[in-house]
Each structure stands twice: as C-alpha cells, then as structure tokens.
Amino acid sequence: FWQFTKNEIQDTTPDFYLSAKEKDWFNDFNKYDNYGYILASSSFENGDPIENLLSVIDDYKDKIKNWYYYGEVDFKNSSFNSMGLSNIIEVKPLNLTIRQQQLLKTKAKVNFGNETGMSLWTAKYSKSYVLGHTKYTAIHGKEYEGKTRKNPFSSGNFIKEVVYL
C-alpha cells in the first residue's frame, strides 16, 4: 500500500465546479448574503468534546444572523439549540442532494462541523472549523475504539485550510 510522506503532499482539497443548473438552483434557493452552516453528522457526539466547537460558534453568533443546519437530530433537540442562534433552516428535512448541500457549504461565510468528508472538502471555499476525532470511535471499528490516533489531523486528509478544534 502506498503512502505519501508529509513533504510529498500538502493539500488534497478538491475543487467544486458548478453547472449552470446548480448556479440557478442556488440563486433561487438561498436568500442570504451572509450565513453559516453547521453539520452534526451521526458521529458528532462520539468525537472530541463538543464544547470545543460550541465555543467557536458562540464567537460567531453575533456576526452571523442566518444559519443552515444539517444534523441527525432536529435543531430543537440538538446541542446548538441553547446557543441563541437565529434564523435556522434545517437542511436534512429538505432532502437536498449532496451537491446542493456542498454548494451551500462552499458559499457559507463559515462552516462548523465534526470530522467528516462533508466538512473537510469545502474548506477551500469557506472558513471551516472541524471538531476532530483524536481518539478512534465506533466508526473506526471496535478493536480501535477509544484508542488515541497518532496523527489525527494529518494522516490522510491534508486539508490545510481547516481549523481543527
């Protein structure tokens, strides 16, 4: 199995190319010039302490008045509900395609989320804060669960624009 050394590769962030149809969809769907996007995937509560992410979102809540939220739980039942965020649009019930969700993320003023591919590959376009997994979780397999990852923020993602929390 091949591996790159730290000096051989710096960034693998993909580019996001839009079709005319996608641009039209975004212009019709989104009504905000300035918004944030929060992604709390199914592994959100299983990673590092969520307070690390909540404290950074708290710094933005007076600067950003409109939010898109994708979560496995409804916003009202989420860890974010008590933060005083305004104008929340829940994305999951809208059944948007992955590309539509990613398009919203690429145009956001700032993105917040846990460590997932969805959180990592839009960092080239918007400020992105990612709550990492410094310990292996159930998604990595029972034999690794709870063990410390050696290089959690450089061992495969190589996304230099991400602010890891």
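Just above sits the structure.
Attention here is on the structure that accompanies the text. Per chain, residue numbering runs from 1 following the sequence as it is written. For a predicted model such as this one, the threshold for reporting local features is a pLDDT of at least 70, and the threshold for listing and counting side-chain atom pairs is 80 or more; totals across whole chains, interfaces and linings nevertheless cover every residue. Based on all heavy atoms of the structure, the side-chain values leave hydrogens and waters out of the count.

1. What to know about unusual backbone geometry
Positioned with a positive phi, N87 is a non-glycine residue whose angle comes to about 50°. Here N87 lies in the loop between β2 (67-71) and β3 (88-90). We note that N95 has phi near 55°; this positive angle belongs to a residue other than glycine. By the criteria applied, helices consist of DSSP H or I runs no shorter than four residues and strands consist of E runs no shorter than two, each listed in order from the N terminus. One can find N95 in the loop between β3 and α3 (98-107).

2. A short note on the packing of helix α1 (residues 20-29) against α3
Running from N to C, α1 and α3 cross one another at 70°; their axes reach a closest spacing of 11 Å. On the basis of the axis angle, α1 is roughly perpendicular to α3. When you trace α1 past α3, the crossing you get is right-handed. Each of E22, W25, F26 and F29 in α1 lies in contact with α3, whose residues at this interface are R99, Q100, L103, L104 and K107. An axis is simply a line fitted to the C-alpha atoms; with a helix, the fit covers only the stretch in contact. Between two such axes, the angle follows the N-to-C directions and lies from 0 to 180 degrees. In what follows, roughly perpendicular refers to angles from 65 to 115 degrees, roughly parallel to angles under 35, roughly antiparallel to angles over 145, and oblique to any angle outside these ranges. Note: crossing handedness is left-handed where the near helix turns anticlockwise from the far helix by less than a right angle, and right-handed where it turns clockwise. Contact criterion: two residues are considered in contact whenever any of their non-hydrogen atoms come within 4.5 Å of each other.

3. A look at the nonpolar core
Within the largest apolar cluster, 20 residues are counted, with the highest numbers of intra-cluster contacts made by I38, L53, I57, Y60, W67, F80 and F112. Elements with a minimum of two residues in this core: β1 (36-40), α2 (51-60), β2, β4 (110-114) and β5 (127-131). Tallying contributions element by element places α2 first for this core, with five residues. Beyond its immediate sequence surroundings of up to four residues, I38 is in contact with I57, W67, Y68, Y69, Y70, F80, L85 and F112. The next biggest cluster of nonpolar side chains, apart from the first, holds 14 residues, and it includes Y37, L104, A108 and M118. Working definition of a nonpolar core: buried Ala, Val, Leu, Ile, Met, Phe, Trp, Tyr and Cys residues. They are joined through side-chain atoms within 4.5 Å. Only protein chains enter the accessibility calculation, which uses a 1.4 Å probe; a residue whose area is less than 20% of its type maximum is buried, one above 50% is exposed, and one in between is partly exposed.

4. Let's talk about the sheet that holds strand β6 (residues 162-164)
Any two strands with at least two DSSP-identified bridges between them are counted as paired. Taken together, the six strands give an open sheet; going across it, the order is β3-β2-β1-β4-β5-β6, and neighbouring strands pair in parallel fashion. Edge positions in the sheet fall to β3 and β6, since each has one partner strand and no second. In this sheet, adjacent strand axes meet at a mean angle of 20° when their direction is disregarded. When β1 meets β4, the two strands line up parallel, connected through four bridges.

5. A short note on the pattern of salt bridges
Each reported salt bridge corresponds to a side-chain nitrogen of Lys or Arg within 4 Å of a carboxyl oxygen of Asp or Glu. Going through the model one piece at a time under the given rule, you end up with four salt bridges. Between D58 and K61 there is a salt bridge whose closest N-O contact spans 2.9 Å. By relative accessible area, which is 36% here, D58 ends up partly exposed. A relative accessible area of 24% means that K61 is categorised as partly exposed. Of the charged contacts, one joins K92 and E72 as a salt bridge, the two residues approaching to 2.9 Å between their closest N and O atoms. Taken together, the residues span a long stretch of sequence, with K92 in the loop between β3 and α3 and E72 in the loop between β2 and β3 at a distance of 20 residues. The class for E72 is partly exposed, based on a relative accessible area of 40%.

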